[in-house]
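Spelled out, the chains give:
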Amino acid sequence: MKPPTSRTTSGPTHRPGRRSACLLALACIAIGAASPALAQSSGNGYLFEAPAARLTFRGGYALATAGSDLFSFTTDELTLKKSDFSSFTAGVELALPITPRLDFSIDASYARSKKGSEFRHFTDNNDLPIEQTTAFERLPIMANLRYNLAPTGRSIGKLAWIPTTIVPYVGGGAGTMWYRFNQEGDFIDFTNNKVFHSQFNSSSWAPAAQGFAGVDFSLTPMIALSADARYVWAKGSLSTDFGGFDKLDLSGVSATLGLTFRL
(Lines give C-alpha, C1' and ligand atoms only; values in the text may rest on other atoms or scores of the structure.)
Protein backbone atom coordinates (compact mmCIF):
# COMPACT_ATOMS: atom_id res chain seq x y z
CA MET A 1 0.00 0.00 0.00
CA LYS A 2 2.83 2.45 0.67
CA PRO A 3 4.36 2.45 -2.83
CA PRO A 4 1.05 3.39 -4.55
CA THR A 5 0.45 6.07 -1.91
CA SER A 6 3.96 7.47 -2.47
CA ARG A 7 3.55 7.60 -6.28
CA THR A 8 0.10 9.19 -6.04
CA THR A 9 1.32 11.91 -3.67
CA SER A 10 4.54 12.76 -5.46
CA GLY A 11 2.94 13.08 -8.91
CA PRO A 12 0.43 15.87 -8.22
CA THR A 13 2.88 17.74 -5.97
CA HIS A 14 5.53 17.80 -8.69
CA ARG A 15 3.25 18.99 -11.52
CA PRO A 16 1.89 22.14 -9.78
CA GLY A 17 5.49 23.11 -8.99
CA ARG A 18 6.35 23.08 -12.68
CA ARG A 19 3.20 25.02 -13.54
CA SER A 20 3.95 27.61 -10.86
CA ALA A 21 7.47 28.06 -12.19
CA CYS A 22 6.15 28.50 -15.73
CA LEU A 23 3.51 31.01 -14.58
CA LEU A 24 6.12 32.95 -12.58
CA ALA A 25 8.40 33.11 -15.61
CA LEU A 26 5.55 34.32 -17.83
CA ALA A 27 4.58 36.94 -15.23
CA CYS A 28 8.16 38.23 -15.10
CA ILE A 29 8.22 38.50 -18.89
CA ALA A 30 4.85 40.29 -18.91
CA ILE A 31 5.98 42.76 -16.23
CA GLY A 32 9.20 43.42 -18.10
CA ALA A 33 7.29 44.07 -21.31
CA ALA A 34 4.77 46.33 -19.58
CA SER A 35 7.28 48.41 -17.62
CA PRO A 36 8.11 50.81 -20.52
CA ALA A 37 4.39 51.51 -20.95
CA LEU A 38 4.00 52.12 -17.21
CA ALA A 39 6.96 54.49 -17.28
CA GLN A 40 5.44 56.38 -20.21
CA SER A 41 2.11 56.76 -18.40
CA SER A 42 3.98 58.35 -15.49
CA GLY A 43 5.95 60.87 -17.55
CA ASN A 44 8.29 58.72 -19.66
CA GLY A 45 10.71 57.70 -16.93
CA TYR A 46 12.21 59.48 -13.96
CA LEU A 47 14.71 62.02 -12.70
CA PHE A 48 17.17 61.41 -9.89
CA GLU A 49 15.54 64.16 -7.82
CA ALA A 50 12.69 66.66 -7.95
CA PRO A 51 13.47 69.62 -10.27
CA ALA A 52 14.85 72.73 -8.63
CA ALA A 53 13.31 75.03 -11.27
CA ARG A 54 11.28 75.17 -14.48
CA LEU A 55 12.12 77.22 -17.58
CA THR A 56 9.32 77.72 -20.12
CA PHE A 57 9.49 79.21 -23.62
CA ARG A 58 6.08 79.92 -25.13
CA GLY A 59 4.47 81.52 -28.15
CA GLY A 60 0.92 82.24 -29.24
CA TYR A 61 -1.55 85.01 -29.90
CA ALA A 62 -2.31 88.11 -27.80
CA LEU A 63 -5.77 89.60 -28.25
CA ALA A 64 -5.80 93.31 -27.36
CA THR A 65 -8.92 94.68 -25.69
CA ALA A 66 -8.30 98.10 -27.31
CA GLY A 67 -11.09 99.66 -25.25
CA SER A 68 -9.94 103.24 -24.65
CA ASP A 69 -10.96 106.33 -26.60
CA LEU A 70 -7.73 106.61 -28.61
CA PHE A 71 -8.42 103.20 -30.14
CA SER A 72 -12.02 104.24 -30.85
CA PHE A 73 -10.89 107.48 -32.51
CA THR A 74 -8.28 105.63 -34.57
CA THR A 75 -10.70 102.97 -35.81
CA ASP A 76 -13.38 105.59 -36.57
CA GLU A 77 -11.12 107.90 -38.58
CA LEU A 78 -8.71 105.39 -40.12
CA THR A 79 -9.25 102.11 -41.96
CA LEU A 80 -8.29 100.07 -38.89
CA LYS A 81 -10.22 97.57 -36.79
CA LYS A 82 -9.72 96.77 -33.11
CA SER A 83 -8.45 93.32 -34.13
CA ASP A 84 -5.55 95.03 -35.95
CA PHE A 85 -4.01 95.78 -32.54
CA SER A 86 -3.81 92.06 -31.69
CA SER A 87 -0.71 90.12 -32.66
CA PHE A 88 1.49 87.11 -32.09
CA THR A 89 3.31 86.99 -28.77
CA ALA A 90 6.37 85.23 -27.36
CA GLY A 91 7.52 84.87 -23.78
CA VAL A 92 9.72 83.18 -21.23
CA GLU A 93 9.09 82.14 -17.61
CA LEU A 94 11.34 80.94 -14.78
CA ALA A 95 9.60 79.16 -11.89
CA LEU A 96 10.87 77.97 -8.51
CA PRO A 97 8.89 75.56 -6.31
CA ILE A 98 7.90 76.83 -2.85
CA THR A 99 5.92 73.74 -1.86
CA PRO A 100 4.99 70.57 -3.83
CA ARG A 101 1.90 72.41 -5.13
CA LEU A 102 2.93 76.10 -5.08
CA ASP A 103 5.45 77.82 -7.40
CA PHE A 104 6.88 81.32 -7.58
CA SER A 105 7.67 82.54 -11.09
CA ILE A 106 8.83 85.54 -13.07
CA ASP A 107 7.71 85.87 -16.68
CA ALA A 108 8.04 88.33 -19.54
CA SER A 109 6.36 88.41 -22.94
CA TYR A 110 6.33 90.66 -25.97
CA ALA A 111 3.61 91.47 -28.51
CA ARG A 112 3.77 93.93 -31.41
CA SER A 113 1.22 94.84 -34.04
CA LYS A 114 1.90 97.08 -37.04
CA LYS A 115 -0.70 98.00 -39.64
CA GLY A 116 -0.96 100.42 -42.54
CA SER A 117 -4.10 102.51 -42.96
CA GLU A 118 -5.67 105.55 -44.58
CA PHE A 119 -8.33 108.07 -43.65
CA ARG A 120 -11.81 106.65 -44.20
CA HIS A 121 -13.59 109.82 -45.30
CA PHE A 122 -10.85 112.06 -46.74
CA THR A 123 -8.41 112.13 -49.64
CA ASP A 124 -5.71 114.65 -50.54
CA ASN A 125 -5.88 117.35 -53.27
CA ASN A 126 -4.98 114.75 -55.91
CA ASP A 127 -7.76 112.44 -54.75
CA LEU A 128 -5.18 110.04 -53.35
CA PRO A 129 -5.48 108.23 -50.00
CA ILE A 130 -3.93 109.85 -46.93
CA GLU A 131 -1.82 107.00 -45.55
CA GLN A 132 -0.11 106.24 -42.25
CA THR A 133 1.19 103.31 -40.18
CA THR A 134 0.19 102.48 -36.60
CA ALA A 135 2.28 100.28 -34.29
CA PHE A 136 1.28 99.00 -30.84
CA GLU A 137 3.76 97.22 -28.55
CA ARG A 138 3.39 95.62 -25.09
CA LEU A 139 5.99 94.00 -22.84
CA PRO A 140 4.64 92.87 -19.43
CA ILE A 141 7.07 91.65 -16.74
CA MET A 142 5.29 89.81 -13.93
CA ALA A 143 5.96 88.09 -10.60
CA ASN A 144 3.47 85.26 -10.02
CA LEU A 145 2.22 82.57 -7.70
CA ARG A 146 1.07 79.37 -9.41
CA TYR A 147 -0.96 76.63 -7.73
CA ASN A 148 -0.75 73.16 -9.26
CA LEU A 149 -4.09 71.33 -9.10
CA ALA A 150 -2.30 67.96 -9.13
CA PRO A 151 1.05 66.81 -7.71
CA THR A 152 3.85 67.60 -10.15
CA GLY A 153 5.47 64.21 -9.48
CA ARG A 154 6.26 61.59 -6.89
CA SER A 155 9.46 60.33 -5.31
CA ILE A 156 10.34 56.62 -5.45
CA GLY A 157 12.81 55.97 -2.67
CA LYS A 158 15.67 58.46 -2.47
CA LEU A 159 17.02 58.21 -6.03
CA ALA A 160 14.02 58.56 -8.35
CA TRP A 161 11.39 61.24 -9.05
CA ILE A 162 8.64 60.48 -11.57
CA PRO A 163 6.82 63.48 -13.13
CA THR A 164 3.03 63.44 -13.33
CA THR A 165 1.81 63.16 -16.92
CA ILE A 166 -0.86 65.90 -16.71
CA VAL A 167 -0.73 68.84 -14.27
CA PRO A 168 -3.41 71.57 -14.52
CA TYR A 169 -2.70 74.86 -12.75
CA VAL A 170 -4.06 78.32 -11.95
CA GLY A 171 -2.34 81.45 -10.76
CA GLY A 172 -1.95 85.19 -10.79
CA GLY A 173 0.58 87.95 -10.40
CA ALA A 174 1.48 91.60 -10.64
CA GLY A 175 4.25 93.67 -12.13
CA THR A 176 4.83 96.30 -14.76
CA MET A 177 4.33 96.73 -18.50
CA TRP A 178 6.33 98.69 -21.02
CA TYR A 179 4.20 99.92 -23.90
CA ARG A 180 4.45 102.00 -27.03
CA PHE A 181 1.81 103.48 -29.35
CA ASN A 182 3.23 105.03 -32.51
CA GLN A 183 1.67 106.57 -35.61
CA GLU A 184 3.67 107.81 -38.57
CA GLY A 185 2.56 109.11 -41.96
CA ASP A 186 0.22 111.76 -43.34
CA PHE A 187 -2.50 113.33 -41.20
CA ILE A 188 -5.13 116.07 -41.43
CA ASP A 189 -5.14 119.31 -39.49
CA PHE A 190 -8.88 119.64 -38.95
CA THR A 191 -8.58 123.36 -38.14
CA ASN A 192 -7.65 124.15 -41.77
CA ASN A 193 -8.05 120.73 -43.50
CA LYS A 194 -4.39 120.70 -44.56
CA VAL A 195 -2.48 117.42 -44.91
CA PHE A 196 0.89 117.18 -43.15
CA HIS A 197 3.46 114.48 -42.48
CA SER A 198 4.34 113.70 -38.87
CA GLN A 199 5.00 111.07 -36.23
CA PHE A 200 3.07 110.71 -32.96
CA ASN A 201 4.60 108.58 -30.25
CA SER A 202 3.87 107.59 -26.66
CA SER A 203 5.85 105.05 -24.61
CA SER A 204 6.22 104.45 -20.89
CA TRP A 205 5.77 101.94 -18.06
CA ALA A 206 2.51 101.11 -16.29
CA PRO A 207 1.49 98.86 -13.36
CA ALA A 208 -0.10 95.59 -14.47
CA ALA A 209 -1.78 92.49 -13.04
CA GLN A 210 -2.70 89.13 -14.52
CA GLY A 211 -4.56 85.88 -13.91
CA PHE A 212 -3.89 82.64 -15.76
CA ALA A 213 -4.71 78.95 -16.08
CA GLY A 214 -3.11 76.14 -18.02
CA VAL A 215 -1.89 72.58 -18.12
CA ASP A 216 1.47 70.82 -18.46
CA PHE A 217 1.79 67.54 -20.42
CA SER A 218 4.97 65.60 -19.66
CA LEU A 219 6.77 64.43 -22.80
CA THR A 220 9.97 63.20 -21.15
CA PRO A 221 11.28 63.39 -17.57
CA MET A 222 12.88 66.75 -18.39
CA ILE A 223 10.45 68.27 -20.94
CA ALA A 224 6.74 69.11 -20.84
CA LEU A 225 4.34 70.70 -23.32
CA SER A 226 2.58 73.68 -21.75
CA ALA A 227 -0.76 75.19 -22.82
CA ASP A 228 -1.62 78.51 -21.19
CA ALA A 229 -4.30 81.21 -21.25
CA ARG A 230 -4.04 84.49 -19.34
CA TYR A 231 -5.67 87.87 -18.94
CA VAL A 232 -3.47 90.92 -18.35
CA TRP A 233 -4.91 94.18 -17.03
CA ALA A 234 -3.12 97.53 -17.42
CA LYS A 235 -3.69 101.16 -18.38
CA GLY A 236 -0.98 103.63 -19.35
CA SER A 237 -0.69 107.39 -19.61
CA LEU A 238 -0.26 109.02 -23.02
CA SER A 239 2.31 111.63 -24.01
CA THR A 240 1.45 115.17 -25.09
CA ASP A 241 1.42 113.90 -28.70
CA PHE A 242 -1.99 112.43 -27.85
CA GLY A 243 -3.26 115.23 -25.63
CA GLY A 244 -6.94 115.11 -24.73
CA PHE A 245 -7.25 111.31 -24.69
CA ASP A 246 -7.83 109.12 -21.66
CA LYS A 247 -5.33 106.51 -20.50
CA LEU A 248 -4.43 103.88 -23.07
CA ASP A 249 -6.04 100.46 -22.59
CA LEU A 250 -3.21 97.90 -22.45
CA SER A 251 -5.33 94.92 -21.35
CA GLY A 252 -5.86 91.73 -23.26
CA VAL A 253 -6.14 87.95 -23.38
CA SER A 254 -3.44 85.64 -24.69
CA ALA A 255 -3.31 81.93 -25.49
CA THR A 256 0.05 80.20 -25.89
CA LEU A 257 1.80 76.87 -26.30
CA GLY A 258 5.32 76.25 -25.06
CA LEU A 259 7.99 73.87 -23.90
CA THR A 260 8.90 73.59 -20.24
CA PHE A 261 12.35 72.33 -19.25
CA ARG A 262 12.80 70.90 -15.75
CA LEU A 263 16.14 72.00 -14.30
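Quick notes on the rules
Residues numbered from 1 in each chain as written. Predicted model: local features only at pLDDT ≥ 70, side-chain atom pairs only at ≥ 80, totals over all residues. Heavy atoms only, no water. Helix = DSSP H or I, 4+ residues; strand = E, 2+ residues; numbered from the N terminus. Buried < 20%, exposed > 50% of the residue type's maximum accessible area, 1.4 Å probe, protein only. Contact = heavy atoms within 4.5 Å. Areas by Shrake-Rupley, 256 points an atom, 1.4 Å probe, with all protein chains shown as cover. Core = buried A, V, L, I, M, F, W, Y, C linked by side-chain atoms within 4.5 Å. Pairing = 2+ DSSP bridges. Salt bridge = Lys/Arg side-chain N within 4 Å of Asp/Glu carboxyl O. pLDDT = per-residue confidence, 0-100. Phe/Tyr/Trp six-rings, centres within 6.5 Å; stacked < 30°, edge-to-face > 60°. Polar contact = N/O pair within 3.5 Å; in protein donor to acceptor, adjacent residues only side chain to side chain.

We now examine the overall build of the chain. If you tally the helices and strands in the chain, you get two helices and 11 strands. The N-to-C order of helical and strand elements in the chain reads α-β-α-β-β-β-β-β-β-β-β-β-β. By residue count, 35% of the 263 residues in the chain fall in the buried class. Restricting to contacts in the chain with at least 6 residues of sequence separation, those with at least 24 account for 70%. Here the chain displays about 14,800 Å² of accessible surface, and carbon together with sulfur accounts for 65% of that area.

We now examine the nonpolar core. Within the largest apolar cluster, 24 residues are counted, with the highest numbers of intra-cluster contacts made by Phe71, Phe85, Phe136, Phe181, Leu248 and Leu250. The set of elements that each furnish at least two residues to this core consists of helix 2 (69-77), strand 4 (129-148), strand 7 (166-189), strand 8 (194-218) and strand 9 (223-236).

A separate point is unusual backbone geometry. Phi is positive for alanine 66, which is not a glycine, with a value near 50°. Taking the relative accessible area as the measure of exposure, alanine 66 reaches 0% and is therefore buried.

Burial along strand 11 (residues 252-262) is one-sided: the face carrying Gly252, Ser254, Thr256, Gly258, Thr260 and Arg262 is buried and the face carrying Val253, Ala255, Leu257, Leu259 and Phe261 is not. The pairing of strand 1 (residues 54-64) with strand 11 spans 11 bridges and is classified as antiparallel. Bridged to alanine 62 within strand 11 is serine 254.

Turning next to the pattern of salt bridges. For the structure on display, the rule yields 10 salt bridges. The partner of arginine 54 in a salt bridge is aspartate 103, with the nearest N and O atoms 2.9 Å apart. Taken together, the residues span a long stretch of sequence, with arginine 54 in strand 1 and aspartate 103 in strand 3 (residues 102-123) at a distance of 49 residues. With relative accessibility at 12%, the residue arginine 54 sits in the buried group. The class for aspartate 103 is buried, based on a relative accessible area of 5%.

Moving on to the confidence of the model for the chain. Confidence along the chain averages 86 in pLDDT terms, with 83% of residues attaining 70 or more. Confidence drops under a pLDDT of 50 for residues 1-44, and excluding neighbours within four residues, the segment shows 17 contacts in the predicted structure.

In this section: the packing of aromatic side chains. As enumerated under the stated definition, the model contains 17 aromatic pairs in all. Centroid distance tyrosine 169 to phenylalanine 212: 6.3 Å. Interplanar angle 65°. Geometry classified as edge-to-face. Pair noted here: tyrosine 169 is in strand 7 and phenylalanine 212 is in strand 8, with a separation of 43 residues, a long-range link. Both residues of the pair, tyrosine 169 and phenylalanine 212, belong to the buried class. One aromatic cluster in this structure is built from Phe71, Phe85, Phe136, Phe181, Phe187, Phe196, Phe200 and Phe242.

For the rest of this paragraph, the subject is the pairing of strand 7. Relative to strand 7, strand 4 runs antiparallel, the two sharing 17 bridges. Its bridge partner lying in strand 7, tyrosine 147 is registered against valine 170. When strand 7 meets strand 8, the two strands line up antiparallel, connected through 24 bridges. Looking at strand 8, one finds that alanine 174 is bridged to alanine 209.

Assignment of secondary structure puts aspartate 69 in helix 2. With relative accessibility at 28%, the residue aspartate 69 sits in the partly exposed group. Once you skip the residues sitting within four places of it in the chain, aspartate 69 turns out to touch Gly244, Phe245 and Asp246. In this structure the side chain of aspartate 69 is engaged in a polar contact, spanning 3.2 Å, whose partner is the backbone nitrogen of aspartate 246.

Our focus in this paragraph is the side chain of asparagine 182. Along the polypeptide, asparagine 182 turns up in strand 7. A residue is classified by how much of its surface remains accessible, and asparagine 182, at 6% relative accessible area, is buried. A distance of 3.1 Å separates polar atoms of two side chains, one belonging to asparagine 182 and the other to asparagine 201. Not counting chain neighbours up to four residues away, the residues in contact with asparagine 182 comprise Thr133, Thr134, Ala135, Gln199, Phe200 and Asn201.

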